[in-house]
Amino acid sequence: MASSSLGRRLVACLLNVSEARRKDLVETVAKAALYNTEGVRREGTTVLNIFNDYDYNRSVITIVSSIDSIREAILCACEKACGLIDMQTHTGVHPCMGAVDLIPIYPLGEEVRAEDCTKEALAVAQGLTERVQGTSAFLFGWADFPLQRGLAHRRKEMGWFKKMPDLRAIRADVGPEPQKRFGLTGVGASPYVMNCNVTIDTQDVSLGRSIAKAIRESTPGGLPGVQVLALPHEGAVEIACNVESVKGNPPDHLTAGEPWPSFSIGGESYCHAPASLITARVAELAGRQGVSMKGTALVGFTPHDCRGLAEYALSQGIAEFWKEQRRIRM
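Residues numbered from 1 in each chain as written. Predicted model: local features only at pLDDT ≥ 70, side-chain atom pairs only at ≥ 80, totals over all residues. Heavy atoms only, no water.

A. Layout of the packing of aromatic side chains. The final tally for this structure, using the stated rule, is four aromatic pairs. Consider the rings of tyrosine 312 and phenylalanine 321, whose centres lie 6.5 Å apart with planes at 70°: the pair is edge-to-face. Here tyrosine 312 falls in the partly exposed class, since its relative accessible area comes to 28%. Take phenylalanine 321: its relative accessible area is 1%, and that puts it in the buried class. For arginine 155, the ring lying beneath its charged end belongs to tryptophan 160, and the centroid distance is 3.7 Å. (Phe/Tyr/Trp six-rings, centres within 6.5 Å; stacked < 30°, edge-to-face > 60°. Buried < 20%, exposed > 50% of the residue type's maximum accessible area, 1.4 Å probe, protein only. Lys NZ or Arg CZ within 6 Å of the ring centre and 35° of its normal.)

B. Molecular detail of the pairing of strand β8 (residues 226-233). With eight bridges connecting them, β8 and strand β9 (residues 236-244) associate as antiparallel partners. Bridging from a neighbouring strand, histidine 233 pairs with alanine 236 of β9. With antiparallel pairing between neighbouring strands as the criterion, β8 and β9 make up a hairpin whose turn holds two residues, including glutamate 234 at a positive phi of roughly 50°. (Pairing = 2+ DSSP bridges. Helix = DSSP H or I, 4+ residues; strand = E, 2+ residues; numbered from the N terminus.)

C. Expanded view of the side chain of threonine 62. Locating threonine 62 in the fold gives a position in strand β3 (residues 58-66). Setting aside residues up to four positions removed in sequence, threonine 62 forms contacts with Cys13, Leu14, Thr46, Val47, Leu48, Asn49, Gly300, Phe301 and Cys306. (Contact = heavy atoms within 4.5 Å.)

D. View of the state of the cysteines. Under the counting rule described, the total for this entry stands at zero disulfides. Free of any disulfide, cysteine 196 has its nearest cysteine sulfur in cysteine 241, 5.6 Å distant. Classification of cysteine 196 by relative accessible area gives buried; the value is 0%. Between cysteine 271, a free cysteine, and cysteine 196, which holds the nearest cysteine sulfur, the sulfur-to-sulfur gap is 16 Å. (Disulfide = S-S within 2.5 Å.)

Put into structure tokens, the structure is as follows:
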């Protein structure tokens, strides 16, 4: 898809909310990003996709707007989510800590700088805690100044990976001590993070964990930028990957096959591992144990597709693009 001037100031937010079993509720949250309280459309904003996962009881809403408009779209969606989701009654196999669990802001356009996304992330964290009394947030990525710790690092510090995190032991970066109803929200900015989930045909979570460990970036021989969990999912095991973009070029020994998608931010080059590489590595490791693959799913899009689809949706005036995308062939 050809690039256009429309895309030069675009940013994406892959808003993660702790609800998927009530799809109408999640759509209500998505629409709050698109329309004001009078039902008037917020210009220059589209929701490209809503990914619901019943077992995880978690949804990812892909909001795209210009850097100048993204703050209000995110905050309105978050306000709506906090009014509808109560973490005291939440159940699901995916780790989470907040009704709005994650607010990441990613630059898509050439005219958007890291500093711009950082400013918006900090404003969103502050705005959320002011608009919804009792909410609190931790910061990650570029917004976590000056340390700029990654999301996985901050989640580990906050106890996000624990089955029953102790909210009383957590010191939020913004807002009060986390409350049971709203929990704790991660807010940050970084180069684009793609979500790629690979399902293997077994119920052995320990096998899944061994595969997750083998492909994790922190393991020698692991895949750059890949953060992984192994979770039970629909009678099988899902290798759930956050695929972070890494600075520079991919390692030479990993460039056979599909090229690594690349882009630039402020003149710096970034790339990320392609889904095909992650799938092949998981298939190889599972196959050694006699376990076959069931499939791979992208949660949202690659950075290139996200921008291209957003340019199309906005040029056509399509706000609720998630309803349209299945019939549109790009």
